[in-house]
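Structural features, examined
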Amino acid sequence: MNGFVQDMNFLPPEEFDRVRSEVLGSTWLLREMKQGNAITRKVFLDRAALEESHPALSRLLANPALLARLRYVAGVGGEPLFAIQAVICEGGAQTDPQMVLHQDTFHSTAKAWFFLDDVADDGCPFAYVPGSHRLTWTRLGWEYRQSLSARHHPMLYHARGSFRVSVDELAALGLPPPRRFAVPANTLVVGDTYGFHARSPAARPAVRIEIYASLRRNPFMPLVGLDFFSLPSIRRYRGVWTMRLLALFARWGWMKMPWKNKGAGKILP
């Protein structure tokens with residue numbers, strides 16, 4: 001396995017059209033985060049809130065094939081966090097920290113992107129370094145060297161353990177160049193984000209819109225199950241629980257709230 005799974009034409013055309021129409025035609029509670037010259041606009045999703053108002057989107061979030069791919073790549077069971085996501089890249093100079101190749105953390109974790117529009121090669125596509133999810137001796141040595149100096153690194157994300165890597169370093173690690181996922185609409189990509197990945201820089205303004213999913217568990221749990229968010233009374237309200245926990249942590253001073261409330265509106269105005 002290369003560290004990612006790609007499925008084109010993931011949904012039947014009629015079902016894909018229903019999902020896309022529900023997403024683009026509805027008013028949502030929007031949240032935004034600006035990083036450099038890119039804005040990520042997000043709508044955190046709950047199955048409970050979608051079952052009657054957005055049935056096609058609700059079916060997608062419960063799709064057994066989608067859930068199986070996420071759990072396989074993550075190497076654990078559990079309930080993913082789902083969101084509608086629009087990535088708005090202004091283009092030009094690379095100032096978005098997500099456009100630098102990086103690993104999310106030190107263990108396997110799965111993210112998925114189900115694209116609702118075609119993604120052009122110059123349209124800020126997702127990029128992934130094939131095979132970079134494998135913990136080889138060479139990779140382990142590289143991570144050890146990063147750990148010795150990471151806290152002094154000028155980029156905060158690197159200092160916190162989301163190590164950045166240069167294209168020149170990839171060859172020294174025995175890894176190929178990143179693969180850019182310029183893909184048609186109705187394509188699902190699931191990646192192990194322990195592997196090196198990034199948003200590709202955009203020379204022009206571009207917008208990427210997708211259904212996003214994340215499955216990240218505590219790596220020190222002895223079993224792959226026993227997920228709190230998989231409890232029947234909890235899993236249908238995962239988005240609400242996530243935002244409440246983020247707000248609580250911010251109020252206690254444990255973290256800053258990264259997502260700013262932008263009120264109600266269309267995901268793409």
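Scroll up for the structure.
**What to know about unusual backbone geometry**
Unlike most non-glycine residues, Asn9 shows phi in positive territory, near 55°. Here Asn9 is to be found in the loop between strand S1 (4-7) and helix H1 (13-25). By relative accessible area, Asn9 is classed as exposed at 60%. Of note, the phi angle at Asn186 is positive, near 75°, even though the residue is not glycine.

**Here we look at the pairing of strand S4 (residues 81-89)**
Of all nine residues that make up S4, eight are buried, and the element is covered over most of its length. In terms of strand pairing, strand S3 (residues 38-44) meets S4 through seven bridges, oriented antiparallel. Bridging from a neighbouring strand, Phe44 pairs with Ala83 of S4.

**Quick look at the pattern of salt bridges**
Under the criterion given, the structure shown has 14 salt bridges. Glu15 is the partner of Arg18 in a salt bridge, and the nearest nitrogen-oxygen pair spans 2.9 Å. Here Arg18 and its partner Glu15 are both found in helix H1, three residues apart, which amounts to about one turn of the helix. On the basis of relative accessible area, Glu15 is assigned to the buried category, the value being 15%. In this structure, the salt-bridge partner of Glu79 is Arg47, at a minimum N-O distance of 2.9 Å.

About the criteria used
Residues numbered from 1 in each chain as written. Predicted model: local features only at pLDDT ≥ 70, side-chain atom pairs only at ≥ 80, totals over all residues. Heavy atoms only, no water. Helix = DSSP H or I, 4+ residues; strand = E, 2+ residues; numbered from the N terminus. Buried < 20%, exposed > 50% of the residue type's maximum accessible area, 1.4 Å probe, protein only. Pairing = 2+ DSSP bridges. Salt bridge = Lys/Arg side-chain N within 4 Å of Asp/Glu carboxyl O.

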